[in-house]
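# Observations on chain architecture
Here is what each chain is made of, one letter per residue.
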Amino acid sequence: MDFFKTKGVVYKPVKDVNLGPDSTEFYLQANVKAPRMAGILIKIFTWFLESIFGNFLLYILKRNNLFHKHITNADLEESPLYVPLHQFEADQKEQEVKCLDSALTSPEKVHLAIDCLPTTLEKPINGTKPSFNRWTVMDYFRAYTSQDITPNIVAERFIASVNESSKPPLQMGFFINYNVEDILRQANESTLRYQKGEPISVLDGVLVAIKDEIDCLPYPTTGGTKWLHKQRPCKEDACCVKRLRLCGAILAGKTNMHELGAGTSGINPHYGASRNPYDVNRIAGGSSSGSASVVSAGLCPIALGVDGGGSVRMPAAICGVVGLKPTFGRIPHDGVLPLNWTVGMVGILAGTVEDSLIAYAAISGEIPSHLPSSLPAKINLPLLPLTKSLSDIKLAKYGKWFDDCSDDVRLCCSHALSKLHGRFGWKIQDVTLPEIEEMRLAHYVTIASECHTSLDSFRDKNLAKFGWDARVAVKIYGAFSSMEYIKAQKMRNRQLQFHNKIFSEADVIVSPTTGVTAYQIQNDALKTGELDYVNGAALIRYSIAGNFLGLPAVTVPVGYDKLGLPIGLQFIGKPWAEATLIHLAYAMQTICLSEYRKPAIFYDLLRKN
């Protein structure tokens with residue numbers, strides 16, 4: 001067996017690693033060795049993987065993709081960190097914020113969030129009028145309050161638009177399930193409240209879509225499968241959904257997703273591919289694919305997703321919308337499919353930074369009865385008007401990592417960062433973030449092991465009902481040992497120490513959100529799904545720290561590639577510093593606002609008759 005054994009890396013102690021710009025730490029690019037497969041090829045590969053040759057094939061895959069070198073046989077001195085819960089520092093200071101008590105009701109939090117918004121539309125930095133704006137929560141609220149339109153009419157237009165989009169030639173794959181009768185009932189109740197002059201909050205009558213990984217009555221929670229809802233019935237709303245419902249939001253249905261969250265394309269062989277509104281022949285990203293595409297297409301100003309490996313931020317970026325992933329523990333996970341316990345997090349997709357703030361205020365804050373002593377009892381919301389901009393902000397940038405993307409993404413994000421620095425004078429600090437690729441491998445071991453375990457009691461008896469790509473993924477997920485899982489948690493501890501050192505000198509870490517823009521959907525993947533780990537690794541290259549280390553992160557649109565496909569810039573923040581991230585995202589949005597483009601597929605639900 002020694003002949004087959006790969007020598008592992010001996011990691012130096014954290015204290016001996018130089019994180020400065022002059023560091024000699026080697027930057028390892030993703031070394032993904034797996035061919036793209038779909039159609040008949042993926043079926044053949046699955047047969048081999050599930051045959052007596054499967055274990056040997058898994059061994060080769062793990063070795064060739066450097067798991068053995070950097071995880072399995074690695075030597076790390078750190079102790080394992082199993083859950084990325086962060087202590088809240090009572091003296092933590094964020095600039096220009098309003099502090100909320102978590103005991104407030106969701107409508108009360110939303111009301112206070114409105115006080116944080118600009119009283120008038122913020123002018124773009126360059127003075128140019130925006131060429132395209134999505135309708136916001138406040139646009140809907142003003143239209144309803146003035147009686148220009150009613151939630152009933154908007155709901156009817158929504159239903160007609162979804163119906164049209166689901167048929168040829170578009171087949172956008174926005175939703176797995178939506179209930180016309182339930183949507184109209186909610187809209188009618190909201191309309192009556194407006195007629196009485198008694199809306200619950202600005203979210204009253206606003207359509208909000210929910211990823212089909214989150215419980216929301218009256219719908220089953222499928223996780224993108226054809227069987228999981230039968231094993232785990234949906235009995236009540238998830239906590240985050242309850243809070244939106246308390247605000248009067250219209251829950252618009254369950255959005256499409258990559259099956260079991262096990263991929264990055266959003267191509268689901270059971271419910272169709274979620275398509276990108278900027279180019280219907282390209283992916284919307286995964287796994288919160290439908291949530292990103294419905295917001296991008298104007299059907300909902302807000303949608304909820306779940307982010308386990310960039311699954312909110314990555315589709316948000318390639319669909320040209322805002323994606324916010326809060327700190328681990330900031331939003332209750334009650335009522336979310338338990339596919340991964342320590343990396344998954346409810347996140348927000350929104351057409352604007354302002355709407356992401358409103359949604360964040362509505363759903364954030366732990367359930368009081370569940371509140372552990374290590375979690376904060378207060379929430380900061382940013383005061384957004386740029387007349388009171390933040391001072392002395394320091395943005396950490398690791399150049400080798402930042403530039404490890406396509407030319408279009410690199411140039412666009414570099415240009416956006418340069419404009420941000422030029423407008424506000426915020427300092428860009430060159431740093432080194434070591435072992436980024438090694439962290440991706442450790443995260444994969446973690447999310448794979450947790451997903452495999454969560455499905456353990458009913459995985460095998462439902463195997464034939466899996467899509468082919470999910471079937472392969474789950475087989476690979478089971479290939480990791482307890483020793484590998486523990487070593488991955490040692491890497492988690494190690495990486496958190498690196499990031500904490502960076503955050504002792506800087507406020508945020510800045511990077512592109514994805515390494516590439518949306519790639520084309522190929523016909524052979526529509527019925528089987530696809531394995532495309534090379535593109536997958538590029539799409540999630542910048543997402544991992546947010547999940548593995550439980551850090552908050554936000555992506556904001558900053559431009560387009562040569563084909564007109566959206567590009568996002570990401571800010572990764574200190575634990576519990578969502579207010580700072582939202583502030584920076586808003587500043588970036590204001591700079592880029594005049595250059596935003598309308599998607600090829602867009603539904604204007606507030607249009608005049």
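Check the entry above for the structure.
Residues numbered from 1 in each chain as written. Predicted model: local features only at pLDDT ≥ 70, side-chain atom pairs only at ≥ 80, totals over all residues. Heavy atoms only, no water.

### Let's talk about the nonpolar core
Heads up, the rule is: Only buried residues count toward a nonpolar core. Its members are Ala, Val, Leu, Ile, Met, Phe, Trp, Tyr and Cys residues joined through side-chain atoms within 4.5 Å. Exposure classes here rest on a 1.4 Å probe applied to the protein chains alone. A residue is buried below 20% of its type maximum, exposed above 50%, and partly exposed in between. By the convention used here, residues are in contact when the closest approach between their heavy atoms is within 4.5 Å.
By size, the foremost hydrophobic cluster in this structure holds 184 residues, and its most contacted members are Phe158, Leu203, Leu420, Val558, Phe571 and Met588. Ignoring sequence-local partners within four residues, the contact set of Val558 consists of Cys412, Cys413, Ala416, Ile567, Gly568, Leu569, Met588 and Cys592. Membership of the second largest hydrophobic core comes to 13 residues, among which are Ile283, Met314, Tyr519 and Leu539.

### Observations regarding the packing of aromatic side chains
Stated formally: Pairing of aromatic rings covers Phe, Tyr and Trp, the last through its six-membered ring, and needs centres within 6.5 Å; plane angles under 30 degrees mean stacked, over 60 mean edge-to-face, and all others mean tilted. A ring is scored as having a charge over it whenever the NZ atom of a lysine or the CZ atom of an arginine sits within 6 Å of its centre and within 35 degrees of its normal.
Here the structure, examined in full by the defined rule, presents 19 aromatic pairs. Through pairs of rings, three or more aromatic residues link up here, namely Phe67, Tyr444, Tyr477 and Phe480. Note that Lys397 overlies the ring of Phe402, its terminal NZ or CZ placed 4.6 Å from the centroid. Above the plane of the ring of Phe424 lies Arg423, whose end atom (NZ or CZ) is 4.8 Å from the centre.

### Describing the state of the cysteines
Let me state the cut-off plainly: Cysteine sulfur atoms that pair up within 2.5 Å are treated as a disulfide.
One pass over the structure, following the stated rule, counts zero disulfides. Cys405 carries a free sulfur, and the closest cysteine sulfur to it, the one in Cys413, is 6.5 Å from it. Using a relative accessible area of 16% as the deciding quantity, one classes Cys405 as buried.

### Things to note about the layout of surface pockets
In plain terms, the rule: Cavity means a closed set of points on a 1 Å grid over the protein atoms alone, one where a 1.4 Å probe fits but cannot get out, pocket means an open set with protein on both sides within 12 Å along at least 5 of 7 lines, and lining means a residue has an atom within 4 Å of a point. Grid points are joined across faces, edges and corners, and a volume is the space filled by probe spheres set on the points. The numbering of helices and of strands both runs from the N terminus, where a helix is a DSSP run of H or I of at least 4 residues and a strand a run of E of at least 2. Side-chain classes follow a simple rule in which Ala, Val, Leu, Ile, Met, Phe, Trp, Tyr, Cys and Pro form the nonpolar group, Asp, Glu, Lys and Arg form the charged group, and the remainder, Gly included, forms the polar group.
Estimates place the volume of the largest pocket at around 880 Å³. What lines the largest pocket is a set of 47 residues, among which Ala262, Gly263, Tyr444, Tyr477 and Tyr533 lie closest to the centre. Of all elements in the fold, only α2 (54-64), α15 (436-454), α16 (468-477), β17 (530-531) and α18 (533-539) reach the threshold of two or more residues within the lining of the largest pocket. Ranked by the residues each element gives to the lining of the largest pocket, the list is headed by α15, at six residues. For the lining of the largest pocket, the class distribution of residues is 26 nonpolar, 14 polar and seven charged.

### A look at empty space enclosed by the protein
Enumeration according to the criterion identifies three cavities of 30 Å³ or more in this entry. The calculated volume of the largest cavity comes to roughly 70 Å³. Around the largest cavity, the lining residues are Tyr27, Leu28, Ala30, Asp404, Ile436, Glu437, Arg440, Ala537, Arg541 and Ile544. When residues in the lining of the largest cavity are grouped by element, the largest group, three residues, is from α15. Residue classes in the lining of the largest cavity are distributed as six nonpolar, no polar and four charged. As a volume, the second largest cavity reaches approximately 50 Å³. Taken together, Arg134, Trp135, Tyr140, Val295, Gly298, Cys300, Pro301, Gly351 and Phe602 make up the full set of residues lining the second largest cavity. Considered class by class, the residues forming the lining of the second largest cavity number six nonpolar, two polar and one charged.

### A look at the pairing of strand β11 (residues 322-325)
Counted only if it meets this: By definition, two strands form a pair when at least two bridges between them are found by DSSP.
Neither face of β11 is exposed, since Val322 and Leu324 on one face and Gly323 and Lys325 on the opposite face are all buried. Here three bridges tie β11 to strand β12 (residues 346-350), and the two strands are oriented antiparallel to one another. Bridge pairing links Leu324 to Ile348 in β12. Direction of pairing for β11 relative to strand β18 (residues 553-560): antiparallel, over a ladder of three bridges. Pairing of Gly323 across the sheet is with Thr555, part of β18.

### Some points on the packing of helix α6 (residues 151-165) against helix α7 (residues 180-195)
Put simply, the test is: What counts as an axis is a line fitted to C-alpha atoms, over the stretch in contact for a helix, and the angles between N-to-C directions run from 0 to 180 degrees. Angle categories are assigned with fixed cut-offs, so that under 35 degrees is roughly parallel, over 145 is roughly antiparallel, 65 to 115 is roughly perpendicular, and the rest are oblique. Should the near helix be turned counterclockwise from the far one by less than a right angle, the crossing is left-handed, whereas a clockwise turn marks it as right-handed.
Orientation of α6 relative to α7, taken along the N-to-C sense of each, is 160°, at an axis distance of 7 Å. The pairing of α6 with α7 is recorded here as roughly antiparallel in orientation. When you trace α6 past α7, the crossing you get is right-handed. Contact residues: Pro151, Asn152, Ala155, Glu156, Phe158 and Ile159 in α6; Val180, Ile183, Leu184, Ala187, Asn188, Ser190, Thr191 and Tyr194 in α7. Broken down by class, the residue content of the contact of α6 with α7 amounts to nine nonpolar, four polar and one charged.

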